[in-house]
Amino acid sequence: MGELLTVQDLKLEFRSMRGLVKALDGVNLRVHEREILGLVGESGCGKTVTGLAILGLVQRPQAEITGGEIRFRGENLLERSETAMQRLRGREISMVFQDPLASLNPVFQVGDQIVDVVRVHKGVSRKEAKETARRALAAVGLPPQDETLKRYPHQLSGGMRQRACMAMALACGSPLLIADEPTTALDVTIQAQILNLLLDLRESLGVAQVLITHNLGVAAQTCDRIAVMYAGTVVEEGPVAVVLKHSRHPYTVALYECLPHGRTASELKTIPGTVPDLIDPPSGCRFHPRCDHAFDACATAKPRPVQVGERHWVSCFWAEQQGGTRPVEAEA
Amino acid sequence: MSLLEVDGLTVHFRIRRGLSRRSDDVVHAVDDVSFAIEEGETLALVGESGCGKTTVARAVLQLAQSASGSIRFQGKGLAGMKPRERRAAMRDIQVVFQDPYSSLSPRLTVHDLVAEPLRVHSHMRARDLERRVLSLLEMVGLGTQHLWRRPHEFSGGQCQRIAIARALALEPKLVVLDEPTSALDVSVQARILVLLDELQERLGLAYLFIAHDLAVVESVSDSVAVMYLGQIAERGPAGEVFDQPGHPYTVALLGSVPSPDPEARSGMRVLEGDVPSAITPPPGCRFHPRCPFCMPICEAEPPRPRMVGGRWIACHLADDFDLTGTTPGRAAERTVPHAG
Amino acid sequence: MEATALGRFADWRIRHRSSLEEARYGTRVFFKDRLAVVGVVIIVLVIAVAVFAPWIAPYPGQGRGQSNLQARFQGPSLHHPMGTDGEGRDVLSRVIFGARIPLYISFGVTVAIVLIGVPLGGIAGYFGGRIDEVIMRITDIFLAFPSLILAIAFVAFLGPSIRNVMIAIVVSWWPWYTRLVRGMAASLRQRPYIEAAKTMGVGHLTIIRRHILPNAFGPVIVQMTLDIGTVILAAAGLSFIGLGAQPPTPEWGLMVAEGREYILQQWWMGTFPGLAIFFLVLAFNLVGDGLRDVLDPRSKR
């Protein structure tokens, strides 16, 4: 399984009323073919911005990529022109968003919206495009009949709308799908359906996915590997069981222990301090003010990703101290 | 006598469809819901969107009109009271809403926000008011430096603390918490849950905790009521309901929650179909179209809630509950293959 | 905390730090808009002129209305930079004295409109139902007439004078504010903080006063500033057609009317007062736009 997408040291800033926000400060992650990578973190950590940056959808001139590379199939996407990026979006890398109602045009039938995408990228006739649309609907578990194609977004339920968005995203056979909180707005039983669908799509269509979520449960049950983000960097990246249960980064450990699953309220652990202001972030490692294991180096230099196991990287000086590059036995 | 007794609560809404009342649609938001909360206890109402849990909370808070049924607080029915009496009784029931920002008036300072209930129900001098506000803020982990700022200057977690401080101002007996942590990050949520737990211990508060996040509910509640489409499917002590769910919907709900333990990857049990409309709910048992164990009687007759093994279950299969501890949902599980 | 004046001042500053910071930030944003700054400068200038009129005007007596029949119809010169009018009065002095009138008309009228219209709108929007219907039907009746025609009708009925002009404008203008506030109140009514207030037992009128109206005020202030310009224009217009100020009042609209016959020969009589009206109204519009950017940034220009 080769690397499909590699993000290397991505830096991004954007201008706000109060100053320059250093939203991404060196993001590193890898997505392999047919793999589902979870991009997890709390609000403001930069996970959505990373997803948008991969597709070149960050608003210029307020937002600017100030460093790093995004390599898709070996090619640096940051060097592509906007026209070339338009050819890529929807065809090679697709995206679905959190609110399916906002992603679909309310005045057009769902079928037409899918057909539009297919025709833009494949240039085929309307009839052929409709066939493709039907197959896309079937792939996402919607009835592939004309009845479904003729529906308007508001006539579908939340879960069906999200499936329609995914049909639109995968109609042209993209090998990579970026899903930004695709189930956050859905009920938990519908969420289970959609997550199963994501797993299904990987099996049947071989679609690799970047699943952006703040819900560790979603990530744990759906992803092969996860990348944990904090304040604009990926602090840990690796196989999901390893990162969650045998984490090497203090933030990941703390985050996992905050979860209410199986704990009573009095047993809950908390993380002291608050999420940093990205206009004036802490020096060195951005997590150090809240970290139990911080020492001098943490405030002065930024830790770089160090491999600590099979496909497992950590950005933390303390983790390095604890025993850097010892390979971890591969989990089943 | 329980602190709060809700009996047969029914709430309907009209949605205007046309010019005449006859063409209106009626949303059966809450239908014959009953439960009780004791002093110092936490009862959680869980369910997905449209199940009516928020409407129940609003009815208890007197923000929604009930079509029938009774709500008795500290032994007295709220509906029958005169406005002045009700106002006095409602001092003991306060609320914390889901969205920390929109539950605080944007143009008021923290001091004025927390002081408002005190200003309404008592005549305190400015200095005493300030002192009381400060002590409330300290209880929730805030301080003098926050007193004169406005909500938009705070984070979500801090705003929720302000809302909690405000809810405690009148020393209530019952606090209705409507999804108090749904809009917060995981780490912030943990802090708020810990705070709520501490306050409950210190002040002997009872909580009516509305939530859709089952993990949160499991960690905070003493008893839980699972709602579906306006009715209570199952109600009982939290530990039991979560360990051995009886109603098939509860089983499906618990099975749908993705566990953060990747090694517990039993696969999510997928419940097919969508939640039906509350305007025309399915006949008989409202869950029957999606229920893997649906029997002919389920389509015909709505199940009456029956007391089985220490809790209430509204399911025709509940009679099959046997005393060795297997509940109908789980028992039937063994004979029906995994749905997904 | 010391009971000294300094101590109390420091205390006040702490209590209102949020508002002070907002004001500071708002001023910064406002002054970024150069046109708005121009507007402010003009308004300040006009206010200064109005306040110091007796000392600035070269011929204060004539400014008030004294005639000087020897100097009739003189063109702009060193003695009379804006010339003289049909009664020999110095136009510059009259323009200076005339500055007071639009300022106090517009201020008085706008305050009255807001005091009537805003609370009504708050009540209508908050309560909804029958109260809303009654109030809105009344406003609809007033809004059915073009406001200027309505004002004309009122003044004609009451008799021409500045005071009646003010009453007429108030009567024809208040419904706009009711409608504006009612819309906002209706949407704010659903907000959780209103429900929280109800749960706490806060009375309805207090809710309107404390929670609804302050949060609806941004657009009202913007509308007020923009309307001041229109009110000035309306008042000048009514005086122009003879229903407002009466001679010898140095009201600008009246002066334009008086200068109308002589527009070709003695152009200075009507032009300078006309320009004064133009610049003052423009200034209020510019300030209103600038305020809108500060208070209501959602509405992009």
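Described in the following lines is the structure provided in the data block. Model, not experiment: these values are computed from the prediction.

## Details of the interface of chain B and chain C
Contacts between chain B and chain C engage 23 residues on the former and 17 residues on the latter. When residues of the side of chain B that touches chain C are traced back to their parent elements, those giving at least two are strand E6 (93-96) and helix H3 (110-121) of chain B. Per-element accounting of the side of chain B that touches chain C gives the leading share, four residues, to H3 of chain B.

## Structural notes on the interface of chain B and chain A
Between chain B and chain A, the contact holds 33 residues from the first and 37 residues from the second. Mapped by element, the contributors of at least two residues to the side of chain B that touches chain A are helix H6 (186-203), helix H7 (214-220) and helix H9 (248-256) of chain B. Here the side of chain B that touches chain A takes seven residues from H6 of chain B, the largest share from any one element. Residues that form the side of chain B that touches chain A fall into these classes: 17 nonpolar, eight polar and eight charged.

## Concerning the nonpolar core
Residues Ala167 of chain A, Val60 and Leu208 of chain B together with Ile169 of chain C are the most contacted members of the largest nonpolar core, which totals 283 residues. With 16 residues, the single largest contributor to this core is helix H12 (residues 204-240) of chain C. Split by domain, this core shows at least three residues from each of two domains, domain 1 (3-92 + 174-323) and domain 2 (101-173) of chain A. Not counting residues within four places of it along the chain, the set of residues in contact with valine 60 of chain B comprises Leu4, Val6, Ile71, Ile93, Val176 and Leu208 of chain B.

## As for the sheet that holds strand E6 (residues 93-96) of chain A
Residue and element names in this part refer to chain A. Strand order in the open sheet made by the eight strands is E6-E7-E8-E3-E9-E10-E12-E11, with mixed pairing throughout. Two strands close off the open sheet at either side, each with one partner strand: E6 and strand E11 (306-309). Pairwise comparison of adjacent strand axes, ignoring direction, gives a mean angle of 25° for this sheet. Bridge analysis of strand E3 (residues 36-40) against strand E8 (residues 208-213) gives five bridges, and the strand direction is parallel. Counterpart to isoleucine 36 in the pairing with E8 is glutamine 209. Running at roughly 170° to E6, helix H7 (residues 158-170) makes contact with E6 and strand E7 (176-180) of the sheet. On the sheet, helix H8 (residues 188-205) packs against E3, E7 and E8 and is oriented at approximately 160° with respect to E8.

## Brief notes about the packing of H12 of chain C against helix H14 (residues 268-295) of chain C
All names here are of chain C. Interaxial distance between H12 and H14 falls to 8 Å at its minimum, and their mutual angle equals 170°. When the axis of H12 is compared with that of H14, the two are roughly antiparallel. Residue-level contacts link Gly218, Ile221, Val222, Thr225, Leu226, Ile228, Gly229, Ile232, Leu233 and Ala236 of H12 to Ile277, Leu280, Val281, Phe284, Asn285, Val287, Gly288, Leu291, Arg292 and Leu295 of H14. Each residue belonging to the contact of H12 with H14 can be placed in one class, and the counts come to 14 nonpolar, five polar and one charged.

## Overview of the pairing of strand E8 (residues 206-211) of chain B
Residues and elements named next belong to chain B. For E8, a buried count of six out of six residues is recorded, marking the element as mostly surrounded by other parts of the structure. Burial along E8 is two-sided: Ala206, Leu208 and Ile210 facing one way and Tyr207, Phe209 and Ala211 facing the other are all buried. Pairing analysis gives five bridges linking strand E3 (residues 42-46) to E8, with the strands arranged parallel. The residue of E8 that forms the bridge with valine 46 is alanine 211. Inspection of the sheet shows strand E7 (residues 174-178) paired to E8 by five bridges, in the parallel sense. Bridge assignment links leucine 174 to a residue of E8, and that residue is alanine 206. Crossover E7 to E8 through H6 is right-handed.

How each quantity is defined
Residues numbered from 1 in each chain as written. Chains lettered and ligands numbered in written order. Predicted model: local features only at pLDDT ≥ 70, side-chain atom pairs only at ≥ 80, totals over all residues. Contact = placed C-beta atoms within 7 Å. Helix = DSSP H or I, 4+ residues; strand = E, 2+ residues; numbered from the N terminus. Nonpolar A, V, L, I, M, F, W, Y, C, P; charged D, E, K, R; others polar. Core = buried A, V, L, I, M, F, W, Y, C linked by C-beta atoms within 7 Å. Buried ≥ 20, exposed ≤ 12 C-beta atoms within 10 Å, placed from the backbone. Domains from an automatic or database assignment. Pairing = 2+ DSSP bridges. Axes fitted to C-alpha atoms, helices over the stretch in contact; angles between N-to-C directions. Parallel < 35°, antiparallel > 145°, perpendicular 65-115°, else oblique. Right-handed = clockwise from strand over helix to strand, strands pointing away.

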